[in-house]
Amino acid sequence: MITEMLSSLSIAKTPPSLRMFSPANGKPFRLSVICCVGKNAESNGSTSGPFQLELGNHSSDENIPQMKSAELEEKGSDIWQLFGEAQQNILYLNKQRIMTMEELDRVKREKSSLLDQIEQLERTKLINTRKDKFSITAELLLRIDSMVLTSLIGSKEASDFRRLVMDSKVSIVDYFSDIMHKQDTELLAEMRHFSGKSRKSGYHIIHICTEMAPVVSVGSLALYVTGLSCALQRNGNLVEIILPKYASLNLNEVHGLREVEAEFFSYFNGQMHGNRIWTGVVYGIGVTFIEPLYYSSFFSREKVYGYSNDFERFTYFSRASLDYIVKAGKQPDVLHIHNWETSIVGPLFWDVFVDQGLGDTRIMLTCQSFESQCVEQPEKLALCGLDPHRLHRSDRLQDNNKSHLVNVLKAGVVYSNKVIIMSSMQTKGQIIHAMSHGLEPTLTIHKDKLVVAPPGFDSSAWDPSADKYLPQNYSADNMKGKSVCKVSLQQHLGFQDQASIILIGCIFSDISDVELENLKTLIRMASRRGVQFVFMGSGQTPGLNMALEYFEEELKDENMRFLSKYDEALAHLVLAGSDIMLCPSYDDTVLQVPLKAMRYGAVPILLNFTESKFGHFMDRDLEGTKFSRYIKDTFGNMSLNQAIEELKNNQSKWDKKIVDAMTTDFSWEAECCDIHISAYTAIKNL
């Protein structure tokens with residue numbers, strides 16, 4: 001049958017315009033034109049008899065030479081091969097076209113991504129430029145300390161140089177940008193030629209403390225010292241920090257760490273003991289590390305706190321810090337001490353050091369809480385050179401409950417010019433009467449010294465508009481990215497991924513048994529409304545983690561996920577993807593979830609909510625912080641059910657609250673910094 005059909009076909013030469021290239025060998029081939037007509041009929045597309053192939057201009061089979069059957073079969077085979085090659089070539093070209101379009105889309109995406117990265121790099125460049133300026137200033141001050149300790153200059157000239165650095169009209173950064181490559185003698189010669197005329201309004205503050213993030217972090221103190229110090233420097237103040245040189249220090253975070261080629265001696269236990277000094281820069285802040293030589297075991301341990309000789313360890317460090325300040329010729333405006341660990345600086349300063357060139361210096365104490373106080377035998381005060389008999393009095397260091405002992409934190413309160421109490425929500429009266437842990441009589445006497453300040457948070461590290469951990473950034477002006485983050489979080493957790501579903505997050509370090517029961521009740525109530533829950537623990541409370549894992553198994557709710565391990569990147573996504581964040585407390589000084597939640601457009605709701613909790617004390621006592629008043633007016637009187645109801649039924653009101661919270665500044669540089677600067681000003685005017 002095929003032979004009969006082919007016998008009536010004729011092959012025409014391919015016009016040059018139809019020549020194509022074979023993808024296999026790159027050589028041109030010609031596509032033959034085939035015209036199928038019936039015998040004695042025109043080629044109108046319909047046939048009634050055997051087909052024939054019309055060659056050239058011939059229209060009749062009479063003009064076609066007769067071919068042998070084998071030749072026709074061979075020609076027919078060539079035609080089908082040409083058809084096959086043409087079809088393959090067309091498929092190849094289509095594939096190339098699709099690949100080209102995909103490549104163009106990829107290039108567009110990469111271009112958009114690069115533009116976003118460039119914008120973020122520009123923001124980072126501005127931040128780093130500012131950090132570099134602080135770093136050079138801090139490095140210069142540390143080099144001045146080194147010159148004093150190596151007896152290259154005296155304490156008076158060192159003091160003049162430090163004032164020069166603070167007061168100069170000329171840019172220190174431009175003039176001393178290459179100090180790292182200069183010897184002390186060369187640098188000294190340049191500094192003696194450098195002059196300045198006007199006084200800046202900032203203060204010189206030295207923190208004597210036991211923690212600083214990210215070098216050594218245990219609790220809220222580390223974040224506070226670093227966050228406040230950076231904010232103070234950005235506001236034109238000069239800040240330095242003195243720390244013990246723990247064996248567990250994260251020295252990778254210290255820029256330009258160097259050992260000063262000189263020892264200094266400090267008094268302890270009736271003798272003078274040598275110390276090694278290390279200096280470096282962290283976040284543009286000059287940091288001095290004191291390493292005892294004789295008492296080397298004091299800080300060569302795994303933990304920072306929790307040893308039977310903690311009093312001796314931190315008393316030694318406090319005394320050594322003051323000896324170093326005097327030896328280096330420093331004359332700060334404020335010595336800022338923290339918690340009980342460095343509270344002994346107060347009586348040491350006024351009884352021993354004030355007349356050693358520190359007459360214009362004042363003392364400020366910060367307490368993260370009054371829970372830890374350190375009560376010891378009075379005779380131990382003699383270890384650092386204090387007189388136990390003179391200080392073991394009710395108006396000085398004598399403990400209010402155990403009169404035969406002395407209270408180290410009380411020493412800090414009594415001998416400081418101002419006492420900052422860190423609290424977001426409590427008032428001064430509440431702290432004195434309900435949270436003083438036995439110090440109520442002392443705090444009442446020194447009430448005028450007390451100042452309450454809320455903690456801030458690092459708004460550069462926690463910023464949804466530039467957060468590297470988010471699939472899409474967003475801001476109060478453009479919230480589209482928050483929905484993207486929510487869907488991404490839902491997909492990560494295995495939830496139904498739909499932006500309209502309410503998602504509630506909770507990041508916690510600890511939850512009491514009562515709060516755990518309340519949490520279970522809330523989950524049961526809310527899960528019936530189709531709400532999704534995600535919980536992330538810090539991993540520091542194994543018992544709590546086990547309880548929540550058991551509860552997750554018991555509930556068997558497809559809309560609940562519990563993450564027992566804290567993950568930094570995922571924490572950012574939880575904040576960005578959640579509509580509501582459950583908070584055990586608004587006074588969260590460690591994880592700072594309420595502050596971060598508002599920054600990321602999630603409403604912070606108390607886990608342990610009671611209707612009258614805020615209205616009762618905030619209306620009768622107006623001494624609360626701006627933050628506490630904001631919380632009370634915006635979110636504080638809301639239960640979880642009320643929040644869910646408002647989100648579902650009053651979206652416009654909800655969105656207004658979100659935008660307002662995202663644009664209100666709760667960073668370290670806001671209220672917290674303002675309160676501290678006001679306190680510094682007050683004690684300098686005494």
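Note that the coordinates shown come from a computational prediction; the quantities given were computed from them, not determined experimentally. What you see as residue numbers is a count from 1 along each chain, following the sequence as written. Where local features are concerned, this predicted model is filtered to residues with pLDDT of at least 70; where side-chain atom pairs are given and counted, the filter is 80 or more; whole-chain, interface and lining totals use all residues. In computing side-chain properties, one takes all heavy atoms of the structure into account and sets aside hydrogens as well as water.

Here's the deal with the overall build of the protein
Phase 1: A run of H or I in DSSP becomes a helix once it reaches four residues, and a run of E becomes a strand once it reaches two; helices and strands are each numbered from the N terminus. For the protein, the count of helices and strands is 22 helices and 20 strands.
Phase 2: Of all 686 residues assigned to the protein, the portion counted as buried reaches 51%.
Phase 3: Across the protein, the fraction of contacts at a sequence separation of at least 24, relative to all contacts at a separation of at least 6, is 73%.
Phase 4: Under the convention used here, a 1.4 Å probe and the Shrake-Rupley method define accessible areas, while residue burial counts only the protein chains that appear. Taken as a whole, the protein presents about 32800 Å² of accessible surface, with 50% of it coming from carbon and sulfur. Under the scheme applied here, a residue whose accessible area is under 20% of the maximum for its type counts as buried, over 50% as exposed, and between as partly exposed, the area being computed with a 1.4 Å probe on protein chains only. The contact criterion used throughout is that any non-hydrogen atoms of two residues lie within 4.5 Å.

Comments concerning the environment of Ser-578
Phase 1: Position of Ser-578 relative to the elements: it lies in the loop between α16 (568–577) and β19 (580–583).
Phase 2: Sequence separation of Ser-578 and Val-534 is 44 residues, and the distance between their C-alpha atoms is 8.7 Å.
Phase 3: Among residues more than four places away in sequence, those in contact with Ser-578 are Lys-482, Leu-489, Leu-503, Ile-504, Gly-505, Gly-601 and Ala-602.
Phase 4: A distance of 3.5 Å separates the side chain of Ser-578 from the backbone nitrogen of Gly-505, its partner in a polar contact. In protein, a polar contact means a hydrogen-donor-capable atom and an acceptor-capable atom, both N or O and within 3.5 Å, with residues adjacent in sequence counting only if both atoms are side-chain atoms; elsewhere, any N or O pair within 3.5 Å suffices.

Considerations on the confidence of the model for the protein
Note: predicted coordinates in regions of low pLDDT should not be interpreted at a detailed level.
Phase 1: For every residue, the pLDDT score states the predictor's confidence, bounded by 0 at the bottom and 100 at the top. With 80% of its residues at a pLDDT of 70 or more, the protein has an overall mean of 83.
Phase 2: Counting interchain partners and residues more than four positions distant, the pLDDT-below-50 stretch residues 126–131 has four contacts.
Phase 3: Here residues 195–199 is a poorly scored stretch, pLDDT under 50, and it has ten contacts once near neighbours within four places are set aside; other chains count.

Some remarks on the packing of helix α19 (residues 626–636) against helix α21 (residues 651–663)
Phase 1: Following both chains from N to C, one finds α19 and α21 inclined at 155 degrees, their axes separated by 11 Å at the closest point. Taken together, α19 and α21 sit at an angle that is classed as roughly antiparallel. In this structure, the crossing between α19 and α21 has a hand that is left-handed. In contact with Tyr-630, Thr-634 and Phe-635 of α19, α21 contributes Lys-657, Asp-660 and Ala-661.
Phase 2: The residue inventory of the contact of α19 with α21, partitioned by class, reads three nonpolar, one polar and two charged. Here the axes come from fitting lines to C-alpha atoms, over the contacting stretch only for helices, and the angles between their N-to-C directions go from 0 to 180 degrees. Angles are sorted into four bins: roughly parallel if under 35 degrees, roughly antiparallel if over 145, roughly perpendicular if 65 to 115, and oblique for all others. Handedness of a helix crossing follows the sense of rotation of the near helix relative to the far helix, less than a right angle counterclockwise being left-handed and clockwise being right-handed. Note on residue classes: Ala, Val, Leu, Ile, Met, Phe, Trp, Tyr, Cys and Pro are nonpolar, Asp, Glu, Lys and Arg are charged, and everything else, Gly too, is polar.

So, helix α8 (residues 345–353)
Phase 1: By the burial criterion, the buried members of α8 are Val-345, Gly-346, Pro-347, Leu-348, Phe-349 and Phe-353.
Phase 2: Contacts made by the buried residues of α8 are with β5 (204–208), α7 (310–327), β10 (334–338), β11 (362–367), α9 (388–391) and α10 (408–415).

Here we look at the side chain of Glu-211
Phase 1: By secondary structure assignment, the location of Glu-211 is in the loop between β5 and α6 (220–234).
Phase 2: Only four residue types enter the tally: Lys and Arg on the positive side, Asp and Glu on the negative side; His and the chain ends are excluded. Take a side-chain nitrogen of Lys or Arg and a carboxyl oxygen of Asp or Glu: if they are within 4 Å of each other, that pair is a salt bridge. No salt bridge is formed by the buried Glu-211, whose closest oppositely charged neighbour, Arg-313, lies at an N-O distance of 11 Å.
Phase 3: Only 3.1 Å separates the side chain of Glu-211 from the backbone nitrogen of Gly-219, close enough to count as a polar contact.
Phase 4: Polar contacts involving the side chain of Glu-211 include one to the side chain of Tyr-305, which spans 2.6 Å.

Brief notes about the nonpolar core
Soluble globular proteins: nonpolar side chains tend toward being buried together.
Phase 1: Within the largest apolar cluster, 96 residues are counted, with the highest numbers of intra-cluster contacts made by Ile-208 and Phe-370.
Phase 2: Here this core gets eight residues from one element, more than from any other, and that element is α7.
Phase 3: When neighbours within four sequence positions are excluded, Ile-208 is seen to be in contact with Ile-242, Phe-317, Ser-321, Leu-322, Ile-325, Leu-335, His-336, Ile-337, His-338, Thr-342 and Val-345.
Phase 4: The nonpolar core is taken to be a set of buried Ala, Val, Leu, Ile, Met, Phe, Trp, Tyr and Cys residues, with the residues joined through side-chain atoms within 4.5 Å. The next biggest cluster of nonpolar side chains, apart from the first, holds 69 residues, and it includes Cys-485, Ala-576, Ala-597 and Ile-605.

Structural notes on the packing of aromatic side chains
Phase 1: Stacked, tilted and edge-to-face pairs are distinguished by plane angle, under 30 degrees for stacked and over 60 for edge-to-face with tilted covering the rest, among Phe, Tyr and Trp rings (Trp via its six-membered ring) whose centres lie within 6.5 Å. Scanning the model with the defined rule gives 22 aromatic pairs in all.
Phase 2: Between the aromatic rings of Trp-462 and Tyr-600, the centroid separation amounts to 6.3 Å while the plane-to-plane angle is 75 degrees, which identifies the pairing as edge-to-face. Taken as a pair, Trp-462 in the loop between β15 (450–453) and α13 (480–493) and Tyr-600 in the loop between α17 (593–599) and β20 (603–606) lie far apart in primary sequence, 138 residues in all. Taken as a pair, Trp-462 and Tyr-600 share a single burial class, namely buried.
Phase 3: Look at Phe-627 and Phe-666: their rings are 5.4 Å apart centre to centre, the planes differ by 90 degrees, and that puts the pair in the edge-to-face class. Note that Phe-627 is positioned in helix α19 and Phe-666 in the loop between α21 and α22 (668–684), a separation of 39 residues in sequence. Summarising the burial analysis for this pair, Phe-627 and Phe-666 share the class buried.
Phase 4: The rings of Tyr-246, Phe-268, Tyr-294, Tyr-295, Phe-298, Phe-299, Tyr-305, Phe-314, Tyr-316, Phe-317 and Trp-340 are connected pair by pair, giving a single aromatic cluster.
Phase 5: As a reminder, the over-ring test applies to NZ of lysine and CZ of arginine, requiring each to be within 6 Å of the ring centre and within 35 degrees of the ring normal. Above the plane of the ring of Trp-278 lies Lys-245, whose end atom (NZ or CZ) is 4.9 Å from the centre.

A word on the pattern of salt bridges
Phase 1: Per the counting criterion, the structure on display carries 19 salt bridges.
Phase 2: Here Arg-106 makes a salt bridge to Glu-103, at a shortest N to O gap of 2.3 Å. Of this pair, Arg-106 and Glu-103 both sit in helix α2 (residues 69–149), separated by three residues, roughly a single helical turn.
Phase 3: The class of Glu-103 is partly exposed, set by a relative accessible area of 38%.

Focus: the environment of Asp-587
Phase 1: Looking at the element boundaries, Asp-587 is found in the loop between β19 and α17.
Phase 2: Overall, Asp-587 belongs to the partly exposed group, its relative accessible area being 23%.
Phase 3: For the pair Asp-587 and Ser-423, spaced 164 residues apart in sequence, the C-alpha to C-alpha distance is 6.2 Å.
Phase 4: Residue contacts for Asp-587: discarding those within four places in its chain leaves Ser-423, Ser-424, Met-425 and Gln-426.

Topic: the sheet that holds β5
Phase 1: Spatially, β7-β8-β9-β6-β5-β10-β11-β14-β15 is the arrangement adopted by the nine strands of the open sheet, whose pairing is mixed. Strands at the two margins of the open sheet, each flanked by one partner only, are β7 (255–268) and β15. Averaged over all pairs of adjacent strands, the angle between strand axes in this sheet comes to 25 degrees, irrespective of strand direction.
Phase 2: Any two strands between which DSSP finds at least two bridges are classified as paired. Sheet topology places strand β14 (residues 418–422) next to β15; four bridges connect them, and they run parallel. What sits directly across from Met-422, in β15, is Ala-453.
Phase 3: The sheet strands contacting α7 are β5, β6 (238–244), β7, β8 (271–282), β9 (285–292) and β10, and the helix crosses β7 at an angle near 105 degrees.

Points about α19
Phase 1: Of all the eleven residues making up α19, eight are buried; the element is thus mostly covered by neighbouring parts of the structure.
Phase 2: Listing the buried residues of α19 in full gives Phe-627, Ser-628, Tyr-630, Ile-631, Lys-632, Thr-634, Phe-635 and Gly-636.

Description of a nonpolar patch on the surface
Phase 1: Among the surface-exposed residues, Leu-114, Leu-115 and Ile-118 lie close enough to one another that they form a single nonpolar patch of about 290 Å² accessible area.
Phase 2: You can see Leu-114 is positioned in helix α2. Patches were defined on residues exceeding 30% relative accessible area and lacking a salt bridge, with like-charge contacts within 9 Å and nonpolar side-chain contacts (Val, Leu, Ile, Met, Phe, Trp, Tyr) within 5 Å.

Side note on the sheet that holds β19
Note: strands within a sheet are paired through backbone hydrogen bonds, in either parallel or antiparallel orientation.
Phase 1: What the five strands build is an open sheet, ordered β18-β17-β16-β19-β20; its pairing is parallel. Strand pairing shows two members of the sheet lacking a second neighbour, β18 (560–563) and β20, which therefore form its edges. The sheet shows a mean angle of 20 degrees between the axes of neighbouring strands, direction not considered.
Phase 2: Note: strand β17 (residues 532–537) against β18, four bridges, orientation parallel.

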